[in-house]
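Per-entry structural report
One-letter residues, chain by chain:
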Amino acid sequence: MKQFCAIISGGQEDTLCGIEAADFIIACDRGYVYARNAGIRPDLLVGDFDSYRGALPADVPVLDLPVEKDDTDTMAAVRWAVSEGFAEIRLYCALGGRLAHTLANIQTLAMLSERGADARITGNGTVITVVKGEANFGEGGYLSLFPLDGDAVAEITGC
């Protein structure tokens, strides 16, 4: 059963903490460099390869995208993962770099939330998720709420 798909984007390079639990790993464009640097062999490469120009491994399938397109390489990878039935999608190296891509990645989380997927961006000591309805985030750390639409309300319970 397909559960957890990890997608390595082309933003700022970061640790790939928890990626070893993934059932399937996709590297997008420059994300292939980050995977290679971490000793990870992706199961699929996705992109127009405008930010990575080196040789690609011959034994890894490639979803080759045109340079002019409506979706980012990361969104194309997410759409592929959704079409394959993955229930959890985690984006790595999806922060930093071009602001437009960071914002697009957050919008991607919103799209996934609408479809009921468990999705998050993880990196730089941060976890970003889009929640519809109620959520329990556990204890410790910091929690910031920013509404994409409507109001964000936090109810703190416990001591």
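So, here is what we can say about the structure in this document. (Residues numbered from 1 in each chain as written. Predicted model: local features only at pLDDT ≥ 70, side-chain atom pairs only at ≥ 80, totals over all residues. Heavy atoms only, no water.)

**Details of the overall build of the protein**
Threshold: Secondary structure elements follow DSSP: runs of H or I no shorter than four residues count as helices, runs of E no shorter than two count as strands, and numbering proceeds from the N terminus. Buried, partly exposed and exposed residues are distinguished by accessible area as a fraction of the type maximum, computed with a 1.4 Å probe on protein chains only: under 20%, between the cut-offs, and over 50%, respectively. The criterion used for residue contact is that any of the two residues' heavy atoms lie within 4.5 Å. Values of accessible area rely on a 1.4 Å probe in the Shrake-Rupley scheme; residue burial ignores everything except the protein chains shown.
Scanning the protein from N- to C-terminus turns up three helices and seven strands. In the protein, the succession of helices and strands from N to C terminus is β-β-α-β-β-α-β-α-β-β. For the protein, with 159 residues in total, the buried portion stands at 40%. For the protein, the share of sequence-separated contacts (at least 6 apart) that also reach a separation of at least 24 residues comes to 43%. By element, 50% of the accessible surface of the protein is carried by carbon and sulfur atoms, the whole surface being about 9600 Å².

**Quick look at the sheet that holds strand β4 (residues 62–64)**
Our working rule: Paired strands, as defined in this entry, are two strands with at least two bridges between them according to DSSP. Axis lines are fitted through C-alpha atoms, for helices just across the contact stretch, and the angle between N-to-C directions can take any value from 0 to 180 degrees.
Across the sheet, seven strands lie side by side as β4-β3-β2-β1-β5-β6-β7; this open sheet has mixed pairing. Each end of this open sheet is capped by a strand with a single partner; those strands are β4 and β7 (126–128). When strand polarity is set aside, the average angle formed by the axes of neighbouring strands in this sheet is 20°. For strand β1 (residues 4–8) and strand β2 (residues 24–28), the ladder comprises four bridges, and the chain directions are parallel.

**Observations regarding helix α2 (residues 73–83)**
Restricting attention to buried positions, one finds in α2 the residues Asp73, Thr74, Met75, Ala76, Ala77, Val78 and Ala81. Structurally, α2 contributes buried residues whose contacts are with β1, β2, β3 (44–47), β5 (88–92) and α3 (99–114). Just past α2, the residue Gly85 takes up positive phi, approximately 85°.

**Things to note about the layout of surface pockets**
Our working rule: Here a cavity denotes a set of grid points, spaced 1 Å apart and computed over the protein atoms alone, in which a 1.4 Å probe fits but from which it cannot get out, and a pocket denotes an open set meeting protein on both sides within 12 Å along at least five of seven lines; residues with an atom within 4 Å of a point are reported as lining. Grid points are joined across faces, edges and corners, and a volume is the space filled by probe spheres set on the points. As a working rule, the residues Ala, Val, Leu, Ile, Met, Phe, Trp, Tyr, Cys and Pro are called nonpolar, Asp, Glu, Lys and Arg charged, and the rest polar, with Gly in that last group.
Here the second largest pocket is characterised by a volume of approximately 370 Å³. Taken together, 21 residues line the second largest pocket, and the ones lying closest to its centre are Gly10, Ser51, Asp73, Arg98 and His101. Looking at the lining of the second largest pocket, the elements with two or more residues in it are α2 and α3. With three residues, α3 is the single largest residue contributor to the lining of the second largest pocket. Among the residues forming the lining of the second largest pocket, the class breakdown is two nonpolar, 11 polar and eight charged.

**Regarding the packing of α2 against α3**
Filter applied, for reference: By the definition adopted for this analysis, an angle is roughly parallel if under 35 degrees, roughly antiparallel if over 145, roughly perpendicular if from 65 to 115, and oblique otherwise. The hand of a helix crossing depends on one turn: near helix anticlockwise from the far one by less than a right angle means left-handed, and clockwise means right-handed.
Put simply, α2 and α3 touch, their axes get as near as 10 Å, and they point 20° apart. By the criterion of interaxial angle, the relationship of α2 to α3 is roughly parallel. You can see that α2 and α3 cross each other, and the crossing is right-handed. Judged by residue contacts, Thr74, Met75, Val78 and Val82 of α2 engage Asn105, Thr108, Met111 and Leu112 from α3. For the contact of α2 with α3, the residue count by class is five nonpolar, three polar and no charged.

**So, the pattern of salt bridges**
What counts is decided by this rule: Each reported salt bridge corresponds to a side-chain nitrogen of Lys or Arg within 4 Å of a carboxyl oxygen of Asp or Glu.
Enumeration according to the criterion identifies seven salt bridges in this entry. The shortest N-O distance in the salt bridge between Asp59 and Arg41 comes to 3.5 Å. With Asp59 in the loop between β3 and β4 and Arg41 in the loop between α1 (31–37) and β3, this pair connects stretches of sequence that are 18 residues apart. Residue Arg41 is classed as partly exposed on the basis of its relative accessible area of 46%.

**Some thoughts on α3**
What counts here: Helix span, as expected, comes to 1.5 Å for every residue beyond the first.
Its 16 residues place the ends of α3 23 Å apart at the C-alpha level, agreeing with the 22 Å of an ideal helix rising 1.5 Å per residue. Those residues of α3 that fall on the buried side of the exposure criterion are Thr102, Ala104, Asn105, Thr108, Leu109, Met111, Leu112 and Ser113. Along its buried surface, α3 packs onto α2, β5, β6 (118–123) and β7. Just downstream of α3, Gly116 is the residue with a positive phi angle, here 80°.

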